[in-house]
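So the chains spell out like this:
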Amino acid sequence: MRKYIVAGNWKMNNTYDEGIKLCQAIIEKGPELEGNHKCIIAAPYIHLSSLSSLMDGTGYQVAAQNCHEEEKGAYTGEISASMLDSIGVEYVILGHSERREYQGENDAMLLKKVKQVLGNGMLPIFCFGEQLAEREAGSHFELVKSQIEGVLFQLSSVEMEQVILAYEPVWAIGTGKTASSAEAEEMHAYVRALLLEKFGTEIANNSTILYGGSCKPSNADELFACENVDGGLIGGASLKSDDFIALITALQNAKS
Ligand code: PEP
């Protein structure tokens, strides 16, 4: 069954106390999550263990924003998938455009990371999306196809059915510019068609494809109403409890 998800990505924001307060406000004031609706908070490493305890039994779930591609060893400053699993993390964001750009993450590294996450019983939230220049040149479908082929098409069906996808046009991340609902739906439908061709109907229909890029309460209704948009990966608007809760409610209303 397809899951509908609002996932917050705090990025490198919130001190320890600020993060705890924000998480408490979200789980105290946020709606109950019913059926196949999920809410995930991807916090910095310092928060994960505490958030996992705070969220236990609430239906809200915790994600990391990255993990290392190797199992363990001499990688100073890095965190492995098994470490994340050991503190109750359930999802890991992989392939965010900021990591592709600033940390040089490529398909080969991301495939290893996806395998680490799955191998440790967690679920990857795999991000992909084009830069502004690629959209303007009309090569956005080609680019997205290559990002998906380079990583997700290397997985078995059993692995693929656990992956959550997130289309994040880079030109819309943190810029205040959102893809129109027509642009988002067009790309999401395209991605679902790619999944259909490679993995078949069941995986294509059941896969969750999130939209990310300046999604906020004022544009969420329109985006979440799209047939192939199954929720959002939310940066800026996940840092304010009221905005984040409004997005969870918007998704529940759109996909009830
Ligand atoms: C993101 O970083 O994944 C994101 C979508 O950010 P924002 O909502 O701030 O554009």
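With that settled, consider the pattern of salt bridges. Counted according to the given criterion, the structure contains 11 salt bridges. For the salt bridge of Glu149 with Lys145, the shortest nitrogen-to-oxygen distance reads 3.8 Å. Here Lys145 and Glu149 lie together in helix α7 (residues 140–151), a separation of four residues that amounts to about one turn. Accessibility expressed as a relative area gives 33% for Lys145, which makes it partly exposed. Connected through shared salt-bridge partners, Arg2, Arg192 and Asp230 make up one network.

In this structure, Asn14 takes a positive phi of about 85° despite not being glycine. Structurally, Asn14 is set in the loop between β1 (4–9) and α1 (16–29). Positive phi is not limited to glycine here, since Ser214 has a value of about 55°. Residue placement: Ser214 occurs in the loop between β7 (209–212) and α11 (217–224).

Considering only enclosed or pocket space, the largest pocket measures out at about 420 Å³ in volume. In terms of lining, the largest pocket is formed by 17 residues, of which the most central are Lys11, Gln65, Asn66, Arg99 and Gln103. The dominant element in the lining of the largest pocket, judged by the number of residues it contributes, is helix α4 (residues 97–102), at three residues. Here the lining of the largest pocket is composed, by residue class, of seven nonpolar, six polar and four charged. Taken as a whole, the second largest pocket holds about 230 Å³ of empty space. Lining the second largest pocket we find 17 residues, and of these Gly174, Ser214, Ile234, Gly235 and Gly236 sit closest to its centre. Among the residues forming the lining of the second largest pocket, the class breakdown is five nonpolar, eight polar and four charged.

Here we come to the site of the ligand. Around the ligand, a shell composed of 14 residues is seen, among which Lys11, Glu168, Gly174, Ser214 and Gly236 lie nearest. Ser214 has a polar backbone atom sitting 2.7 Å from an oxygen atom of the ligand. Within the backbone of Gly235, one N or O atom sits 2.8 Å away from an oxygen atom of the ligand. Summarising the interface, the protein chains cover 96% of the accessible area of the ligand, which totals 290 Å² for the free molecule. If you map the ligand onto the pockets, it falls in the second largest pocket. When its residues are assigned to classes, the shell around the ligand shows four nonpolar, eight polar and two charged.

Another point: the state of the cysteines. With the rule as written, the count across this model stands at zero disulfides. Looking at Cys23, it has no disulfide partner, and the nearest cysteine sulfur is the one in Cys39, 9.1 Å off. Considering cysteine sulfurs only, Cys226 is the nearest to Cys215, which forms no disulfide, with 11 Å between them. The exposure class assigned to Cys215 is buried, which follows from its relative accessible area of 5%.

Our focus in this paragraph is helix α5 (residues 107–119). The first and last C-alpha atoms of α5 sit 18 Å apart over 13 residues, in line with the 18 Å expected at 1.5 Å per residue. Looking only at α5, the buried set comprises Leu110, Leu111, Lys113, Val114, Gln116, Val117 and Leu118. Packed against the buried residues of α5 are α3 (81–86), β4 (91–94), α4, β5 (123–128), α7 and α8 (157–160). The N-cap residue of α5 is Asn106: its side-chain oxygen and the backbone nitrogen of Ala108 are 3.2 Å apart. Just downstream of α5 lies Gly121, where phi reads positive at about 75°.

What counts, and at which threshold
Residues numbered from 1 in each chain as written. Predicted model: local features only at pLDDT ≥ 70, side-chain atom pairs only at ≥ 80, totals over all residues. Heavy atoms only, no water. Salt bridge = Lys/Arg side-chain N within 4 Å of Asp/Glu carboxyl O. Helix = DSSP H or I, 4+ residues; strand = E, 2+ residues; numbered from the N terminus. Buried < 20%, exposed > 50% of the residue type's maximum accessible area, 1.4 Å probe, protein only. 1 Å grid on protein atoms, 1.4 Å probe; cavity = no way out; pocket = protein on both sides within 12 Å on 5 of 7 lines; lining within 4 Å. Points joined across faces, edges and corners; volume = space filled by probe spheres on them. Nonpolar A, V, L, I, M, F, W, Y, C, P; charged D, E, K, R; others polar. Near = heavy atom within 4 Å. Polar contact = N/O pair within 3.5 Å; in protein donor to acceptor, adjacent residues only side chain to side chain. Areas by Shrake-Rupley, 256 points an atom, 1.4 Å probe, with all protein chains shown as cover. Sits in = over half its atoms within 2 Å of the grid points. Disulfide = S-S within 2.5 Å. Expected span 1.5 Å × (residues − 1). Contact = heavy atoms within 4.5 Å.

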